[in-house]
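Geometric and topological summary
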Amino acid sequence: MKRWHYVSIISMVVAVGLVGAGALVVDQSHVPSEAIASSVTRTPELMERAWHLPVAATFHRQLNWQSNGSRCGPAAVANAYRSLGEAASTEGKVLAGTGSCWTGVCIMGLTLDELAKVARTNTSRKVTVLRDLSENQFLEHLRRSNDPGRRYIVNFDRARIFGAGGGHHSPIGGYLEAEDLVFVLDVNFDFQPWLVERKRLFDAVNTFDGDKKRGLLYIE
């Protein structure tokens, strides 16, 4: 068999594998629209107050949605960096030079540690992984999430909130302490920003991704 036949076969196998992997990631993230609407809070008055929180205000009510079902992590970092005035304000710029997701798909998504490595590549800011947090520690970080000099990205299991879906990353826009609601700036267009009770978000974070707990990415 000629060499170009081998190349063609290999290319086809890789392409089929990538399409399958991409479909798997998207399928894992699928949640019915009815479940999205009924699982979180989006009352106009509370959403308006949330958008006026000090950190949320820096996003100017605008998010750049993740380009496909696997790239929530890079999209979350890009949106957080854009709100901070960083140059790495798109998925492509965040991923540049990292070697991650080079096919256009982050196969099976990125773990919290993998996302931290990506986030550190194109910034001089300090990026810290926070996991194995107690409820009280989680609360303290939520209170700090209203500090305009800090950004938090939350890694959580959608199924714990919406009844379906897989792991996901999105920036935290802030915390309405009186109502005990967290403002999650969901980078998936099908979900968009929402508010959720702190305990429910903690339970979704306090889950395993492989052999490690999910958690927060802290950018300062």
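Here the structure is a predicted model, which means the values were calculated and not measured. (Residues numbered from 1 in each chain as written. Predicted model: local features only at pLDDT ≥ 70, side-chain atom pairs only at ≥ 80, totals over all residues. Heavy atoms only, no water.)

1. Describing the state of the cysteines
Counted according to the given criterion, the structure contains 1 disulfide. What pairs with Cys101 in a disulfide is Cys106, and their sulfur atoms sit 2.0 Å apart. Between Cys101 and Cys106, the S-S torsion sits near 105°, and that sign places the bridge as right-handed. In this pair, the class of Cys101 matches that of Cys106, namely buried. Cys72 carries a free sulfur, and the closest cysteine sulfur to it, the one in Cys106, is 8.0 Å from it. Under the relative-accessibility criterion, Cys72 is labelled buried at 7%. (Disulfide = S-S within 2.5 Å. Buried < 20%, exposed > 50% of the residue type's maximum accessible area, 1.4 Å probe, protein only.)

2. What to know about the nonpolar core
In terms of nonpolar packing, the biggest core is built from 27 residues, with Ile161, Trp194 and Leu201 touching the most fellow members. For this core, the element with the most residues is helix H9 (residues 198–205), which contributes 4 residues. Core analysis: the next-biggest nonpolar cluster, separate from the first, contains 21 residues, Cys101, Leu110, Ile153 and Ile219 among them. (Core = buried A, V, L, I, M, F, W, Y, C linked by side-chain atoms within 4.5 Å. Helix = DSSP H or I, 4+ residues; strand = E, 2+ residues; numbered from the N terminus.)

3. Structural notes on the side chain of His141
Tracing the sequence through the fold places His141 in helix H7 (residues 135–144). Not counting chain neighbours up to four residues away, the residues in contact with His141 comprise Leu130, Leu133, Tyr152 and Leu216. (Contact = heavy atoms within 4.5 Å.)

4. Description of the packing of aromatic side chains
A complete count under the given rule lists 7 aromatic pairs for this structure. Judged by centre distance (5.0 Å) and plane angle (90°), the rings of Trp51 and Phe183 are edge-to-face. A residue pair is termed long-range when its members are at least 10 positions apart, and Trp51 in helix H3 (residues 44–51) and Phe183 in strand S4 (residues 181–184) qualify at 132 residues. There is no split in this pair, since Trp51 and Phe183 are both buried. Seen from their ring centres, Phe162 and Phe191 are 5.0 Å apart, and the 70° between their planes marks the pair as edge-to-face. Here the residue Phe162 occupies a position in helix H8 (residues 159–162), and Phe191 occupies one in the loop between S4 and strand S5 (194–197), the gap between them amounting to 29 residues. (Phe/Tyr/Trp six-rings, centres within 6.5 Å; stacked < 30°, edge-to-face > 60°.)

5. Comments concerning the pattern of salt bridges
As enumerated under the stated definition, the model contains 15 salt bridges in all. We note a salt bridge from Arg49 to Glu45, for which the minimum N-O separation is 3.7 Å. Of this pair, Arg49 and Glu45 are both found in helix H3, 4 residues apart, which corresponds to roughly one turn of the helix. Glu45 gets classed as partly exposed once you look at its relative accessible area, which sits at 48%. (Salt bridge = Lys/Arg side-chain N within 4 Å of Asp/Glu carboxyl O.)

6. Overview of the pairing of strand S2 (residues 151–157)
On any regular strand, side chains alternate: one points to one face of the sheet, the next to the other face. Burial within S2 is extensive, with 7 of its 7 residues counted as buried. Of the two faces of S2, the one lined by Arg151, Ile153, Asn155 and Asp157 and the one lined by Tyr152, Val154 and Phe156 are each fully buried. Sheet topology note: the S2/strand S3 (residues 167–176) ladder contains 5 bridges and is antiparallel. Paired with Ile153 across the bridge in S3 is Pro171. (Pairing = 2+ DSSP bridges.)

7. Some points on unusual backbone geometry
Its identity as a non-glycine residue notwithstanding, Cys101 has a phi of 55°, on the positive side. In this structure, Gln192 takes a positive phi of about 60° despite not being glycine. Overall, the relative accessible area of 29% leaves Gln192 in the partly exposed class.

8. Digging into empty space enclosed by the protein
Enumeration according to the criterion identifies 1 cavity of 30 Å³ or more in this entry. Considered as a void within the structure, the largest cavity measures approximately 40 Å³ in volume. Along its surface, the largest cavity is lined by Asp132, Leu133, Phe202, Val205, Asn206, Lys213, Arg214 and Gly215. Looking at the lining of the largest cavity residue by residue, the classes come out as 3 nonpolar, 2 polar and 3 charged. (1 Å grid on protein atoms, 1.4 Å probe; cavity = no way out; pocket = protein on both sides within 12 Å on 5 of 7 lines; lining within 4 Å. Points joined across faces, edges and corners; volume = space filled by probe spheres on them. Nonpolar A, V, L, I, M, F, W, Y, C, P; charged D, E, K, R; others polar.)

9. As for the confidence of the model for the protein
Across the protein, pLDDT averages 90, with 87% of residues at or above 70. Mean pLDDT across the elements of the protein bottoms out in helix H1 (residues 3–28) (44) and peaks in S4 (99). Scored below 50 in pLDDT, residues 3–28 shows 16 contacts in the model against residues more than four places distant or in partner chains. (pLDDT = per-residue confidence, 0-100.)

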